[in-house]
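Residues per chain, in single letters:
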Amino acid sequence: MASPVLETYCCMFPRSENWTDIHPPDGRESYDRSTLMAYNIFSIISSSLSVGGAVYQWLPKKLASHIRTEREIKSVLRQNYIIIWLTVADFAATIGVLIRSSFWLNGQMNTTLNNLTNTHNGSYDHNFCIITSAWIQYFYISTYFWTFIFALDTYYLTLNRRSYQRLYHMLNWGITALLCAISLAVLYAPDLKECQCWNRLIPYYICSILPLLFTLIANPILYSKTSKSVQVHIYGGGSFTDRERKVIHSLKVRFRAFMIAFTVCWIPTIASVLAVPFVYNMEVKPVAFMAILCLTSILNPLQGFLNSLLYRGVGLCPSGHLRESEFDQPVTTNGSDSLTRLLDSSDST
């Protein structure tokens, strides 16, 4: 549901007669009403699960009995801080999906599709589509960066380095806003009233998909480096018992689960973008393309629900005795040991 391909749906709600360049020639804009209805139903169901997952993630969690010192608590809280903001971005995006799909399912979209070649009164639909699509795009791109920041900060934790909370916010929200502004300007400039030529979709898609590809590439590297850092620390302790083996195994399994869930949720988005040129040249049937988009309607919003299950045990709700400014200080105990306790805490919840 967060595929950048969906922004082009807004071009099906024209505000003027100069909109036909956005569609493939020869009447190839074959969109089936029943497919679009299923698409929106899937989006609503999946988004509802993610909204529930976000609420579940925000519920208070108990502190594991062996996490006692302030330093240990701080190690866990800095991870929770990032998870909370990832959940906020997920929640905002899925709310946007719910609103848009509900309006479209109510007839705003399908009524217009029935009269694509005859109507030029889509001002309301066009504006609504642009606003909601931009909202969804902004917050889902933000989730890509928060997912990357979680992996980066986890690696920093093993190196006993400080957490750069303010910098994380500045880069995340700032870069996300810049990418969204550029992508929308490319598609609509100089006038938001209408979409521009078909060729402008390519740079728009590139600008939208780059953060996703960046996270898919960078996170496995960071998780691998984190695992090696913990492993080196454990080996350096001189003992390698079953507990140490369990810690390393748990770490690798958890990181692998993070990446599998993220990849499964967003691979259909990449596929939908790659399929656009082939649909245009009729090398991919429209029904196959719509099947890919239906997958995005299920899997994209499902990210929030899966995150609530995978990240639930990692962090802890702030207890109030630690100030946010303390997160910017390095953890004075060994970072790898702090991460080990973090894993033990998650297994206990």
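Since we're looking at a predicted model, the values are computed, not measured.

1. As for the overall build of the protein chain
Then comes step 1: Regarding its fold elements, the protein chain presents 8 helices and 0 strands.
Then comes step 2: When its helices and strands are written in sequence order, the protein chain yields α-α-α-α-α-α-α-α.
Then comes step 3: Per-residue burial for the protein chain yields a buried fraction of 55% across its 349 residues.
Then comes step 4: Looking at the protein chain as shown, the accessible area adds up to about 15400 Å², and 63% of this sits on carbon and sulfur atoms.

2. Notes on a nonpolar patch on the surface
Then comes step 1: Nonpolar side chains collect at one region of the surface, where Met37, Ile41, Phe42, Ile45, Leu49 and Ile298 lie side by side and expose about 470 Å² of accessible area between them.
Then comes step 2: Sort the elements by how many residues they give to the nonpolar patch and helix H1 (residues 33-58) lands first, with 5 residues.
Then comes step 3: Inspection of the secondary structure puts Ile41 in helix H1.

3. Here we look at the packing of aromatic side chains
Then comes step 1: A full pass over the atoms with the stated rule returns 19 aromatic pairs.
Then comes step 2: When the centroid spacing of 6.1 Å and the interplanar angle of 75° are considered together, the rings of Trp85 and Trp173 count as edge-to-face. Of the two residues, Trp85 is situated in helix H2 (residues 70-113) and Trp173 in helix H4 (residues 165-188); the sequence distance between them amounts to 88 residues.
Then comes step 3: The interplanar angle of 5° and the centroid separation of 4.4 Å between the aromatic rings of Phe258 and Tyr311 together place this pair among those described as stacked. Linking Phe258 in helix H6 (residues 242-280) with Tyr311 in the loop between helix H7 (286-310) and helix H8 (335-348), this pair joins segments that are 53 residues apart in sequence.
Then comes step 4: Members of the aromatic cluster, connected to one another through ring pairs, are Trp85, Trp135, Tyr138, Phe139, Trp146 and Trp173.
Then comes step 5: Over the ring of Tyr156 we find Arg161; its NZ or CZ atom is 4.3 Å from the centre of that ring.

4. Thoughts on H4
Side chains of residues three or four places apart in an α-helix project in the same direction, reflecting 3.6 residues per turn.
Then comes step 1: Between the first and last C-alpha of H4 there are 34 Å, a value that for 24 residues agrees with the 34 Å anticipated at 1.5 Å per step.
Then comes step 2: Among all positions in H4, only Gln165, Tyr168, His169, Asn172, Trp173, Thr176, Leu179, Cys180, Ser183, Leu184, Leu187 and Tyr188 are buried.

5. A short note on the confidence of the model for the protein chain
Then comes step 1: When the pLDDT values of the protein chain are averaged, the result is 75; 63% of them are 70 or greater.
Then comes step 2: Mean pLDDT in the protein chain bottoms out at H8, which sits at 53, and peaks at H4, which reaches 90.
Then comes step 3: Under a pLDDT of 50 for its full length, residues 110-121 has, in the predicted model, 20 contacts with residues more than four places off or in other chains.

6. Quick word on the state of the cysteines
Then comes step 1: Tallied over the entire structure, the rule returns 0 disulfides.
Then comes step 2: The closest cysteine sulfur to the non-disulfide-bonded Cys180 is located on Cys207, 8.0 Å from its own sulfur.

7. A few points about the environment of Ser47
Then comes step 1: Tracing the chain through its elements places Ser47 in helix H1.
Then comes step 2: Distance in space between the C-alpha atoms of Ser47 and Pro301 is 5.1 Å, their sequence separation being 254 residues.
Then comes step 3: Here Ser47 is in contact with Thr94, Val97, Leu98 and Pro301, once residues within four sequence places are set aside.
Then comes step 4: In terms of polar contacts, Ser47 uses its side chain to reach the backbone carbonyl oxygen of Ser43, at 2.7 Å.

8. Quick word on the environment of Phe150
Then comes step 1: With respect to the element layout, Phe150 can be found in helix H3 (residues 123-158).
Then comes step 2: You can call Phe150 buried: its relative accessible area is 2%.
Then comes step 3: In this structure, the C-alpha to C-alpha distance between Phe150 and Asn80, residues 70 residues apart in sequence, is 9.4 Å.

9. Looking at the pattern of salt bridges
Then comes step 1: A full pass over the atoms with the stated rule returns 1 salt bridge.
Then comes step 2: Arg78 serves as the salt-bridge partner of Asp153, at 3.0 Å between the closest nitrogen and oxygen. Placement of the pair is Asp153 in helix H3 and Arg78 in helix H2, with a sequence separation of 75 residues. Accessibility assignment for this pair places Asp153 and Arg78 in one class, buried.

Each value, and the rule that gives it
- Residues numbered from 1 in each chain as written.
- Predicted model: local features only at pLDDT ≥ 70, side-chain atom pairs only at ≥ 80, totals over all residues.
- Heavy atoms only, no water.
- Helix = DSSP H or I, 4+ residues; strand = E, 2+ residues; numbered from the N terminus.
- Buried < 20%, exposed > 50% of the residue type's maximum accessible area, 1.4 Å probe, protein only.
- Areas by Shrake-Rupley, 256 points an atom, 1.4 Å probe, with all protein chains shown as cover.
- Patch = residues over 30% accessible without salt bridge, like charges linked within 9 Å, V, L, I, M, F, W, Y side chains within 5 Å.
- Salt bridge = Lys/Arg side-chain N within 4 Å of Asp/Glu carboxyl O.
- Phe/Tyr/Trp six-rings, centres within 6.5 Å; stacked < 30°, edge-to-face > 60°.
- Lys NZ or Arg CZ within 6 Å of the ring centre and 35° of its normal.
- Expected span 1.5 Å × (residues − 1).
- pLDDT = per-residue confidence, 0-100.
- Contact = heavy atoms within 4.5 Å.
- Disulfide = S-S within 2.5 Å.
- Polar contact = N/O pair within 3.5 Å; in protein donor to acceptor, adjacent residues only side chain to side chain.

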